[in-house]
Amino acid sequence: MALCAKKRPPEEERRARANDREYNEKFQYASNCIKTSKYNILTFLPVNLFEQFQEVANTYFLFLLILQLIPQISSLSWFTTIVPLVLVLTITAVKDATDDYFRHKSDNQVNNRQSQVLINGILQQEQWMNVCVGDIIKLENNQFVAADLLLLSSSEPHGLCYIETAELDGETNMKVRQAIPITWELGDVSKLAKFDGEVICEPPNNKLDKFSGTLYWKESKFPLSNQNMLLRGCVLRNTEWCFGLVIFAGPDTKLMQNSGRTKFKRTSIDRLMNTLVLWIFGFLVCMGVILAIGNAIWEHEVGMRFQVYLPWDEAVDSAFFSGFLSFWSYIIILNTVVPISLYVSVEVIRLGHSYFINWDKKMFCAKKRTPAEARTTTLNEELGQVEYIFSDKTGTLTQNIMVFNKCSVHGRSYGDVFDVLGHKAEVGERPEPVDFSFNPLADQKFLFWDPTLLEAVKMGNPHVHEFFRLLSLCHTVMSEEKSEGELFYKAQSPDEGALVTAARNFGFVFRSRTPKTITVHELGTAVTYQLLAILDFNNIRKRMSVIVRNPEGKIRLYCKGADTILLDRLHPSAPELLASTTDHLNEYAGEGLRTLVLAYKDLDEEHYEEWADRRLQASLAQDSREDRLASVYEEIESDMTLLGATAIEDKLQQGVPETIALLTLANIKIWVLTGDKQETAVNIGYSCKMLTDDMSEVFVVTGHTVLEVREELRASWALVGLESRLPSGETTVPLSLPRKAREKMVDPSRTVGNGFTCHESPSSPKLTSVLEAAVAGEYALVINGHSLAHALEADMELEFLETACACKAVICCRVTPLQKAQVVELVKKYKKAVTLAIGDGANDVSMIKTAHIGVGISGQEGIQAVLASDYSFSQFKFLQRLLLVHGRWSYLRMCKFLCYFFYKNFAFTMVHFWFGFFCGFSAQTVYDQYFITLYNIVYTSLPVLAMGVFDQDVPEQRSMEYPKLYEPGQLNLLFNKREFFICIAQGIYTSVLLFFVPYGVFAEATRDDGTQLADYQSFAVTVATSLVIVVSVQIGLDTGYWTAINHFFIWGSVAVYFAILFAMHSNGLFDMFPNQFRFVGNAQNTLAQPAVWLTIALTTVVCILPVVAFRFLKLSLRPDLSDTVRYTQLVRRKQKAQHRCMRRVGRAGSRRSGYAFSHQEGFGELIMSGKNMRLSSLALSSFTARSSSGWIESLRRKKSDGAGSPGGGADKPLKG
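Residues numbered from 1 in each chain as written. Predicted model: local features only at pLDDT ≥ 70, side-chain atom pairs only at ≥ 80, totals over all residues. Heavy atoms only, no water.

1. Remarks on the sheet that holds strand S2 (residues 114-119)
Taken together, the six strands give an open sheet; going across it, the order is S3-S2-S4-S13-S5-S11, and neighbouring strands pair in antiparallel fashion. The strands lining the two open edges of the sheet, one partner per strand, are strand S3 (122-127) and strand S11 (229-230). (Pairing = 2+ DSSP bridges. Helix = DSSP H or I, 4+ residues; strand = E, 2+ residues; numbered from the N terminus.)

Dropping the structure here:
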C-alpha cells in the first residue's frame, strides 16, 4: 500500500518500454494498486481526531473542557462537557470508520483481482496490484480491463475488439477499439515476449476521449490515438481474447484521474448559522464580562468583609483577579447557548430527510426500476428555497428516444400524409403505417407514415438511394447478429441509431463492419465498401464524415452534421436546392424536430492520396495534434454537394408541461439551456407551456456583434416599458437603435411568426419581482449561443441578466457546456438566489456542479450527470415533488428545529445569568451538574429531533395543490436574523420567569410542617422541573403534525426526566456513590409540596400564555397561506361529516348550491386559454390575497428595494 500513496513529481511525458521492468522502474511510475481509503489501524485515531478538530465547534468545546480542568475557574465537573463531546466525536468516528472500512473492502477486492501477465516469456497469474507499467496483459471475454492498455492484438480480424464503458461514462452500448496494423501479428506469447516497442505519450490526465502518443518499434514510429486504447474500468465483450501493453497504472489511469472530489456545497442556512454562532459567542463574552465586573465589585464591596469565613483561594490576591477568574467560569457555565448537540442533531435530521427522498415510492420509476436518490445529505433544506431552475432540453425535458420522423431529399420533403383534399392528416386520422414486409431485415418496431418515400426507393430514385446509402455508411454504429437476419445495433447516440434503423427499413441495411470495410445490403444485394477514413464527430466540428471506396473503385466522402456548419461548406452550384432544403429545415425545426444536413463529395485518387499523407503527418505530430487534424479535415470537407436533411423527433417526457406550470406557479423561474437550434428549442418551449401564445412578446436575440446584442437588449427594455432603467440612464428610446427596433417600440403589437420579435427583453439584475411589479404582461427571451457569448462579457452581463430576469421564460440555444455553467454562475453572482441545474448528459456536468443544487436524470446519455449530481431520479416530473414536497418540508422542519433549539437553550442557560446577581457572582450554577449534562442529550434531544424529521404544516397533496406555499422558503421567511432574535427574546423572557417566579414564591413559602421551603436544592429541582415542562409544552405547540413517535418522545422525555431525578436522589445511588449524590430524598420531599407544583404550574402558564395569545391573534388577524390551507381542510372535513349525517338521517328537501358563493370570476377564460394550471392553487391564492399573498408580495418588494442594483447605483423610478 505504500506505493499507492507515494508522491512523484509531475510528468511531462510518459515513456513505457514493453517487457522491460528494469527500464520502466527508473521513472518511479505508480503501481497498479489503488487506495481510496483514508485511514489504517495506526493512523485512524490521530488522523480522524485531527480532522474532527478542524471543525470550529469541536475545537471550541475542547477549549471549554480544558478550562473546566482548571479548579480555580471551574464550578462544573469536567464530565458535563466531556460526555457530550466524546459522544459526538465517537459517533462521527464510528461513521467515518464504517465508511472507510467499506472503502478498504472495495480496494482490496479490486487490488486482488487476478490478471494474466507476461513475465519472462510466460503468462502468469498476478494480482492487479502487482501489475506494472510496461507489462503485457492478456484479457479474456467479459473481463475488466486492469489498467490503461495499448491494444496490441486480439482474436478478432484486423486487431479489433469490443468493449463496454459503462463504468467510465455510463453508456452500455458496445464500442470498438483497434490495434495498429504493425502489432496485429503479435497474437502468440512467443512473439509478444520478443516485443520491445517503446511508447512515448502524454502524461496522465482525466480526458476520457483523448489520447496522443507514438509507438517506436523496428526503427519506425506509429501514431496512437484513443481508438487504440483500452481504459481501466472497461469490460471486454464479444472478443475471445486480446493483449495489451500497460501505459498507465493505478492512480494514473483515466478512471482514477476522474474520481476527484466534487466541490463541497453549503446551504444558506449553514452560512447564516456560522454568522449567528459568532454573534452568540460575542453575546456570551458580553455576559461573561458583565458578571465578571459584578464579581469584582461584589468582592471589593462585600466579599472583603467575609474573608474570615469565605477566604479567597491561594492564587487570588485581589478582587480584580477574582473577577478575571469569574469571567472564565461563566464562559464555561453559559456555553450551553450553543451546545455541541446542535450540530449532531442537524446532521441526523438531514440524514432522515435524505432517506425520505430515497424511500419515496412516488418518485420511483417502475419502468427503469430506478428510485430517487439523495446523493448528499447537506442540501435538503435548500431544496425548499430554489428560485431558478436551469434545465437541459434533450433527455431532460424530452425522452431522448429518437424516432425518424421526416426527411428532405433533393428538395422534396417526405413524412407528411395528406388527405384527398390535400390537407395534412393528423396523427389520429392517418392510415396504416408503411408496410416494410418486402424487407426481411426490417426492424418491426420502426414506423413511418409516408408511403411515397418507399415508392421512391422501389422506383430507383438515385437521390433517395444515395440518401439512405449515406445513412447506412456514415456512422459509428456496431452491428450484432445473434441469429440469421436478427440484427441489433449498438449506437453511441440515439440519433445515430434512429438514422441507421431508418436506412435499414428502407432497404439499405448496415450488416457488419471491420476496421477497413463496411458491408451494406442494398435492396437485398450485399455490397462491401472499403473504409478509407473516419473523420469523427466532436462538439467543435459538429459533423462527421467517412471516406469510402465502392466496389467500382470510386472514392466518395459522405458527411452529416449541423446545418449551421454544413451549409457553409457546400458547393455554390445549386442555390435552388439549398433554398428548398433550408425551408424544409426551418419547417422541421418549427415542429420541434432535431435536424441534420447530409452531403457528399467525389474524390479522385491523387487528391485523396495527397490528403491522406497530410492526415498521417498531422496524426504523428507530438504537439497540437487535435488542431492539426481538424485543419486537415477542414480541407477535404469543402465544396460538398447537398443531398438532403433528416428530422428526428425527440418526444417530451411524461408530465413535463404540468411540472413546469406547477413550478411556475411556485414563483420558480425556469431557464432552458440547450445545444439545439433555436427553432427546435422554441417549439419545445411551446410544447412545455413555457412559451404561450398569450405572452405579450417573445424576444429573440440573434446579434453577431457586441453592438448588435446591446442594441437588441436595450430595444426590448423600451418595449417592456422599463427604459428608465437602461444602464445609460436614458429615459427614451436611443436614436442609435436600428429603424426596425424604433418602429417596433412604436407598434409593439407587430410580431413575426409565433409572436416572436426581433428584439430582446429588459433586464433587472436585482430581484426579479421588482420588474414583475413594473412589467405589464408576460415576456420571454430566446438567445443564441453566439449572442450569449457577447452578452456574458463583463460590460454587458448585467444588462443581459436584467433582461432575462424580467422575462417569465428564458431559452438559450446553441450553447456550449461552458456557457451553461457561465449562465448559472452569473445568476448566482448577482441574484443571491438559490439555483438548481438539472440535466442528463456529460455536457450538463459543469452546469450541475456550478449550481447550488445539481440534479441528474438517469436517462439515455449515460450516468455522468448522475455521478456529478446531488440528487438523481429518472424523470423530470419528479422535480415538482422533490421541491414542493421534500424540499419545502425539509426547509420548514429545519427552520422550526433551529428556532426551537435556540429558544430552549437560551431559556436553559440564561437562568444562570440571573442567578449570578443573587449568588455574589460566584459562578454557582442553578441546576444540578447532572441535569446540565443530560438536558441537551437526554431530556430535550428526542422531541426536537422528532419534530425536525416528521413535522408537516400541510399534507403532501396540499403542498402540490397549492404551490404558493413554496414562496416563504424563497424569501427565507422562516429562519432569518429577525426570527433568530425573536427566538432569543422568547428564550430570555422564559428564563426570567423560570428564575424569578420560583424565587419570589420561595422567598415567603413554607412546607407543610411550617418550615422554610427555600433551600438551594429545592429551588434547583423546582426550576429544572419547570424548565422541562415548559419546553415540552412549547414543542407540543410547535408541532404541526403529530405521530406516535412525537407523543412517545415528548411525554417519554418528561417521564425519563422524573425517573432520573428521583433516581439521583435515591438511597441506592447514595450508598454506591456517597460523594456524588449527597442530597438523598430531596426531589421526593420538594415535589411532595403543593406549593412547588403550584409554582411549576404558574411558571408554565405565564411562559406559554403569551405565545398562545400571539398565535391566536396572528391566526385570526393575519393568517399565512398554510394556515388558510389547514382551515379549508378542516372545513371540508366538517362538510363531509355533515353530508354523511344528512344521508344517514335521510332528510329530503331542496339542495342549495354553494357555487355562487365560492366561484371566482375569470376561470372560464383561464381554461379556454389553454394554460396548464392548477385551478385550486389559483382559487386559494385569490381567496387569501388579502391576508397571505399580499404580505408576501410586500415583503418581496421590500427585499427587492433593499437589494438595490447589482451595479451598485440606486435604481431610478420605474415607468409603466
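2. Thoughts on the packing of aromatic side chains
One pass over the structure, following the stated rule, counts 63 aromatic pairs. Here tyrosine 900 and tyrosine 903 contribute two aromatic rings whose centre-to-centre distance is 6.0 Å and whose plane-to-plane angle is 50 degrees, an arrangement assigned as tilted. With tyrosine 900 and tyrosine 903 both in helix H29 (residues 878-916) and three residues apart, the pair spans about one turn of that helix. As far as burial versus exposure is concerned, tyrosine 900 and tyrosine 903 are alike and both buried. Consider the rings of tryptophan 1042 and tryptophan 1051, whose centres lie 6.4 Å apart with planes at 10 degrees: the pair is stacked. Counting every residue linked through ring pairs, the aromatic cluster contains Phe913, Trp914, Phe915, Phe917, Phe918, Phe921, Phe995, Phe996, Tyr999, Phe1002, Tyr1016 and Phe1019. Sitting above the plane of the tryptophan 128 ring, arginine 113 keeps its charged end 5.0 Å from the centroid. (Phe/Tyr/Trp six-rings, centres within 6.5 Å; stacked < 30°, edge-to-face > 60°. Buried < 20%, exposed > 50% of the residue type's maximum accessible area, 1.4 Å probe, protein only. Lys NZ or Arg CZ within 6 Å of the ring centre and 35° of its normal.)

3. Section: the nonpolar core
Ranked by size, the top nonpolar core spans 97 residues in total, and within it Phe897, Leu898, Tyr927, Phe931, Phe975 and Leu1027 carry the most contacts. Broken down by element, the residue count for this core peaks at 18 residues, all from H29. Filtering out sequence-adjacent residues up to four positions away, leucine 898 remains in contact with Ile269, Met273, Leu342, Val346 and Phe975. Ala374, Leu663, Ala681 and Cys688 belong to the second-largest nonpolar core, a separate cluster that totals 51 residues. (Core = buried A, V, L, I, M, F, W, Y, C linked by side-chain atoms within 4.5 Å. Contact = heavy atoms within 4.5 Å.)

4. Structural notes on the confidence of the model for the protein
Across the protein, the average pLDDT comes to 81, with 84% of residues at or above 70. The lowest-confidence element of the protein is helix H41 (residues 1155-1158), averaging 28 in pLDDT; the highest-confidence one is helix H13 (residues 462-473), averaging 95. A low-confidence stretch, residues 724-774 stays under pLDDT 50, and its non-local contacts, those more than four residues away or across chains, total 155 contacts. Low pLDDT, under 50, characterises residues 1202-1216; the predicted model gives this stretch 27 contacts beyond four residues in sequence or across chains. (pLDDT = per-residue confidence, 0-100.)

5. Comments concerning a negative patch on the surface
Together, Asp604, Glu606, Glu609, Glu610 and Asp613 make up a region of like negative charge exposed at the surface. With respect to the secondary-structure elements, glutamate 610 resides in helix H17 (residues 605-620). (Patch = residues over 30% accessible without salt bridge, like charges linked within 9 Å, V, L, I, M, F, W, Y side chains within 5 Å. Areas by Shrake-Rupley, 256 points an atom, 1.4 Å probe, with all protein chains shown as cover. Salt bridge = Lys/Arg side-chain N within 4 Å of Asp/Glu carboxyl O. Lys, Arg positive; Asp, Glu negative; His and termini not counted. Charge placed at Lys NZ, Arg CZ, Asp CG, Glu CD.)

6. Digging into the sheet that holds strand S10 (residues 220-224)
Pairing is antiparallel across the open sheet formed by four strands, whose spatial order is S1-S8-S9-S10. Looking at strand neighbours, the two that pair on one side only are strand S1 (14-17) and S10, the edges of this open sheet. Strand after strand, the sheet turns through a mean of 20 degrees between neighbouring axes, direction not considered. With five bridges connecting them, strand S9 (residues 213-217) and S10 associate as antiparallel partners. (Axes fitted to C-alpha atoms, helices over the stretch in contact; angles between N-to-C directions.)

7. As for the pairing of strand S20 (residues 508-513)
For S20, the buried fraction is high: five of the six residues fall into the buried class. As paired strands, S20 and strand S21 (residues 517-522) are joined by five bridges and run antiparallel to one another. Looking at S21, one finds that phenylalanine 510 is bridged to valine 520.

8. Looking at the UniProt feature "active site" (unreviewed entry) in the protein
The sites that carry the UniProt feature "active site" (unreviewed entry) are, in the present numbering, Asp392. Mapped onto the fold, aspartate 392 is located in the loop between strand S15 (386-391) and strand S16 (398-409). Here aspartate 392 is in contact with Leu397, Leu673, Thr674, Lys820, Ile838, Gly839, Asp840, Asp844 and Met847, once residues within four sequence places are set aside. (UniProt positions renumbered as here; feature names shortened; annotations may be inferred.)

9. Thoughts on the packing of helix H9 (residues 268-301) against helix H10 (residues 319-333)
Where H9 meets H10, the closest approach of the two axes is 7 Å, and the angle between their N-to-C directions is 145 degrees. Regarding H9 and H10, the two cross each other, and that crossing is right-handed. Across the interface between the two elements, Leu284, Val285, Gly288, Val289, Leu291, Ala292, Asn295, Ala296, Glu299 and His300 of H9 pack against Ala319, Phe320, Ser322, Gly323, Ser326, Phe327, Tyr330 and Ile331 of H10. Classifying every residue of the contact of H9 with H10 gives 11 nonpolar, six polar and one charged. (Left-handed = near helix turned anticlockwise from the far one by under 90°. Nonpolar A, V, L, I, M, F, W, Y, C, P; charged D, E, K, R; others polar.)

10. Considering a nonpolar patch on the surface
The grouping of Ile290, Phe917, Phe918, Phe996 and Tyr999 at the surface amounts to a nonpolar patch, some 450 Å² of accessible area in total. With respect to the element layout, tyrosine 999 can be found in helix H34 (residues 977-1004).

11. Some details on H17
Helix length check: H17, at 16 residues, gives a terminal C-alpha distance of 23 Å against a target of 22 Å (1.5 Å per residue), a fit within 8%. Inspection of H17 places Tyr608, Trp611, Ala618, Ser619 and Leu620 among the buried residues, and these make up the whole buried set. (Expected span 1.5 Å × (residues − 1).)

12. As for the pattern of salt bridges
Under the defined criterion, the tally for this structure stands at 47 salt bridges. The salt bridge partner of arginine 881 is aspartate 360, with a shortest N-O separation of 2.5 Å. Pair noted here: arginine 881 is in helix H29 and aspartate 360 is in the loop between helix H11 (341-359) and strand S14 (373-374), with a separation of 521 residues, a long-range link. You can call aspartate 360 buried: its relative accessible area is 9%. With its nearest N and O atoms 3.1 Å apart, the salt bridge here joins glutamate 634 to arginine 543. Of this pair, glutamate 634 sits in helix H18 (residues 625-636) while arginine 543 sits in strand S23 (residues 543-549), and the two are 91 residues apart along the sequence. Taking relative accessible area as the criterion, glutamate 634 reaches 35% and is therefore assigned partly exposed. Since its relative accessible area comes to 3%, arginine 543 is described here as buried. Counted as one network, the salt bridges with shared partners bring together Glu466, Arg469, Glu522, Lys554, Arg556 and Asp602.

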